[in-house]
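Here is how the chains run, residue by residue.
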Amino acid sequence: MAGRVIVITSGKGGVGKTTTSANIGTALAKAGYKVVLIDTDLGLRNLDLLLGLENRIVYTIVDVIEERCKLKQALVKDKKNPNLSLLAAAQTRDKSAVNAEQLKEICDTLKDENDFVLIDCPAGIEQGFQNAVAGATEAIVVTTPEMSAIRDADRIIGLLEAKEEIKSYKLLLNRVRPSLIKSNDMMSVDDVVEILSCPLIGIIPEDTGIITSTNKGEPIVNDEDALAGKAYRNVAQRILGEEVPFLDLDEPKGFMAKIKNAFAKLKAKV
Amino acid sequence: MGLLSDIYNTVAKFFRPQEEQGDASKSVATNRLKLVLMQDRTNLTPKILEQMRGELIDLLSRYVELDKELLELNFEQEGDQVALMLSIPVIRAKDEEEIEAALRAEAEKLEAKLENLSEETESDNNEEGSEDYSAEAGQEISETSENETTGMSTPDGMNSSKNQEESTEECHSEA
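Residues numbered from 1 in each chain as written. Chains lettered and ligands numbered in written order. Predicted model: local features only at pLDDT ≥ 70, side-chain atom pairs only at ≥ 80, totals over all residues. Heavy atoms only, no water.

Q: Please set out the overall build of chain B residue by residue, giving values where relevant.
A: Counting its secondary structure elements, chain B contains 7 helices and 4 strands. Helices and strands appear in chain B in the N-to-C order α-α-α-α-β-β-β-β-α-α-α. The buried share of chain B, taken over its 175 residues, is 25%. A fraction of 54% describes how many contacts in chain B between residues 6 or more apart in sequence connect residues 24 or more apart. By element, 52% of the accessible surface of chain B is carried by carbon and sulfur atoms, the whole surface being about 12,100 Å². (Helix = DSSP H or I, 4+ residues; strand = E, 2+ residues; numbered from the N terminus. Buried < 20%, exposed > 50% of the residue type's maximum accessible area, 1.4 Å probe, protein only. Contact = heavy atoms within 4.5 Å. Areas by Shrake-Rupley, 256 points an atom, 1.4 Å probe, with all protein chains shown as cover.)

Q: Can you tell me about the overall build of chain A, naming the residues and giving the values?
A: If you tally the helices and strands in chain A, you get 12 helices and 8 strands. In chain A, buried positions account for 53% of the 270 residues. When contacts within chain A are restricted to residue pairs at least 6 apart in sequence, those whose partners lie at least 24 apart make up 75%. Accessible surface for chain A amounts to roughly 12,500 Å². Of this, 49% is attributable to carbon and sulfur atoms.

Q: Any chance you could break down the packing of helix H7 (residues 147-161) of chain A against helix H3 (residues 25-42) of chain B for me, citing the residues and the numbers?
A: Pairs of packed helices are described in terms of their axes, by the angle between the two and the distance that separates them. It is at 10 Å that the axes of H7 of chain A and H3 of chain B come closest, and there the two elements cross at 25°. Of the possible angle classes, the one that applies to H7 of chain A and H3 of chain B is roughly parallel. Of the two possible hands of crossing, H7 of chain A and H3 of chain B adopt the one that is right-handed. Residue-level inspection shows Met147, Ile150, Arg151 and Asp154 of chain A of H7 of chain A in contact with H3 of chain B, the latter providing Ala29, Arg32, Leu33, Val36, Leu37, Asp40 and Arg41 of chain B. Of the residues that constitute the contact of H7 of chain A with H3 of chain B, the class distribution is 6 nonpolar, no polar and 5 charged. (Axes fitted to C-alpha atoms, helices over the stretch in contact; angles between N-to-C directions. Parallel < 35°, antiparallel > 145°, perpendicular 65-115°, else oblique. Left-handed = near helix turned anticlockwise from the far one by under 90°. Nonpolar A, V, L, I, M, F, W, Y, C, P; charged D, E, K, R; others polar.)

Q: Now, about the side chain of Asp120 of chain A: what can you tell me, with residues and values included?
A: All names here are of chain A. If you trace the backbone, Asp120 turns up in strand E5 (residues 116-120). Here Asp120 sits buried without a salt bridge, and the closest side chain of opposite charge, Lys17, lies 6.1 Å off (N-O distance). Once residues within four sequence positions are removed from consideration, Asp120 is found in contact with Ile8, Lys17, Thr18, Ser21, Ile38, Asp39, Thr40, Asp41 and Leu47. (Lys, Arg positive; Asp, Glu negative; His and termini not counted. Salt bridge = Lys/Arg side-chain N within 4 Å of Asp/Glu carboxyl O.)

Q: Before we move on, can you summarise the packing of aromatic side chains with the specific residues and values?
A: All names here are of chain A. Counted by the stated rule, this structure contains 1 aromatic pair over all chains. Ring centres 5.9 Å apart and planes at 75° place the aromatic pair Tyr33 and Phe116 in the edge-to-face group. With a gap of 83 residues between them, Tyr33 in the loop between helix H1 (17-30) and strand E2 (35-39) and Phe116 in strand E5 connect regions that are remote in the sequence. (Phe/Tyr/Trp six-rings, centres within 6.5 Å; stacked < 30°, edge-to-face > 60°.)

Q: A description of unusual backbone geometry should follow, citing residues and the corresponding values.
A: Residue and element names in this part refer to chain A. Phi is positive for Arg175, close to 55°, though the residue is something other than glycine. Here Arg175 lies in strand E7 (residues 168-176). Located in the positive-phi region is Ser197, a residue other than glycine, with phi close to 35°.

Q: Could you give me a rundown of the side chain of Asn131 of chain A, with the residues and numbers involved?
A: Residues and elements named next belong to chain A. Within the element layout of this structure, Asn131 appears in helix H6 (residues 127-134). For Asn131, a relative accessible area of 3% translates into the label buried. One polar contact links the side chain of Asn131 to the main-chain amide nitrogen of Ala100, over a distance of 3.1 Å. At 2.7 Å, the side chain of Asn131 and the side chain of Gln127 are in polar contact. Here Asn131 is in contact with Lys95, Val98, Asn99, Ala100 and Leu103, once residues within four sequence places are set aside. (Polar contact = N/O pair within 3.5 Å; in protein donor to acceptor, adjacent residues only side chain to side chain.)

Q: Talk me through a negative patch on the surface; I want residue IDs and the actual numbers.
A: Residues Glu108, Glu111, Glu115, Glu119, Glu120 and Glu122 of chain B make up a contiguous surface patch of negative charge. Structurally, the position occupied by Glu108 of chain B is in helix H5 (residues 96-123). (Patch = residues over 30% accessible without salt bridge, like charges linked within 9 Å, V, L, I, M, F, W, Y side chains within 5 Å. Charge placed at Lys NZ, Arg CZ, Asp CG, Glu CD.)

Q: I'd like a rundown of the pattern of salt bridges, residues and numbers included.
A: All names here are of chain A. Evaluation of the coordinates by the stated rule reveals 22 salt bridges over all chains. Notably, a salt bridge pairs Arg45 with Asp48, separated by 3.0 Å at the nearest N-O pair. Here the two residues Arg45 and Asp48 agree in accessibility, since each one is buried. The salt bridge involving Glu206 is made with Arg175; its shortest N-O contact spans 3.2 Å. Highlighted residues: Glu206 in the loop between strand E8 (200-205) and helix H10 (209-216) and Arg175 in strand E7, separated in sequence by 31 residues. Residues joined in a network through salt bridges with shared partners are Asp63, Glu66, Arg68 and Arg93.

Q: Explain a nonpolar patch on the surface residue by residue, including any values.
A: Taken together, Leu59, Tyr63 and Leu103 of chain B make up a surface patch of nonpolar side chains, about 250 Å² in accessible area. Within the secondary structure, Leu103 of chain B sits in helix H5.

Q: An account of H3 of chain B is requested, with residue identities and associated values reported.
A: An α-helix turns once every 3.6 residues. As a result, residues three or four positions apart point the same way. Residues and elements named next belong to chain B. With 18 residues, H3 should reach 26 Å at 1.5 Å per residue; the first-to-last C-alpha distance of 26 Å fits that figure. Of all the positions in H3, only Lys26, Ala29, Thr30, Leu33, Val36, Leu37, Met38 and Gln39 are classed as buried. The first or second residue beyond H3 is Asn43, which carries a positive phi of 60°. (Expected span 1.5 Å × (residues − 1).)

Q: Quick rundown of the environment of Gly11 of chain A? Include the residues and the values.
A: Residues and elements named next belong to chain A. Within the secondary structure, Gly11 sits in the loop between strand E1 (4-9) and H1. For Gly11, a relative accessible area of 11% corresponds to the buried category. Sequence-wise, Gly11 and Ile150 are 139 residues apart; in three dimensions their C-alpha atoms are separated by 9.1 Å.

In structure tokens, the structure reads:
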């Protein structure tokens, strides 16, 4: 079996790389695929927290590289889904503890026994990014509809284009707020896609559920009702090659929203 | 409270004129972002862009009278292609005599400059490579064209004032 190795990257920090990794990984595992998540953010690991696995980590990626344990021993199985496992980053070391060669080797080994190897990339474009990208053949660039995030995503896309190993890269637009787009205070999905001229793989709405799901250590894809969860499940399906239409984020959710909508329409007529 | 303020905002918005809502921050962000990305991608710094703008103004001013303050130099992106968009408000076209006069004046200036230059370089030691010479000549040419702009009317602070000062100084020394 030769699995796919996908790096999840962004340039800017705080746009949702780790949340995206956790959710896509969980969604793919729920769909029956064997998935390994690798946290490459040495010294600032967080993927374990989002998955609720922080108390189960014994060995980290640095232990594997420095041969204190076997690769298999360092993989932590998810609580709910045996298809999903995590290779955690070392919290007490920095980026220099690992090099690109070593990470590529780990990815190559893992992809033989898994359908997907997802790499959670650290922010920035330095060594940590170079390491994370080394073993991957595909990339998902996470950005938000904000200037700074888009600018950084543009840099990342430029760097990915220069890498021969990366065969395809797609854009995931996170934290979209339809109400702000409607009032022309946020760049629309089309604006961002046009500026970056990069194919889209997902649109994730801003969702307070992300905060509560992080609090609980349970990815939001497990919540059947959450809109962001649904959006992430759709991303997973698109990764699997299915054609899923993008969510219509304009749908009014509650009574108040409907009234506001009616007002907006009335105003448009006048 | 949230509900009440929602209602208030909706009602208030309803009565506000359209224009007030129209100049939303989104288009500002999009435009700023496009420009900054183009600079990132092409390594065109704001300084170079300003220089380019200045030189374009000089060139076009020979033929038409421009509203320099309203001249816009932007990048536009269509798919993968990037276009340089120059929007020039023309006040009036110059007639042939004016154009010829402007060209002649400039040609004379250039000739004088070149003569000066070749005399200087001949009297200078011959060790300097030909590359240096051509680079210097190029500089002189751009400076003369800047002289012309200053003569016509000093453009606002948009133009790099440093170069302007240099060229005016030189003008005096020549005179």
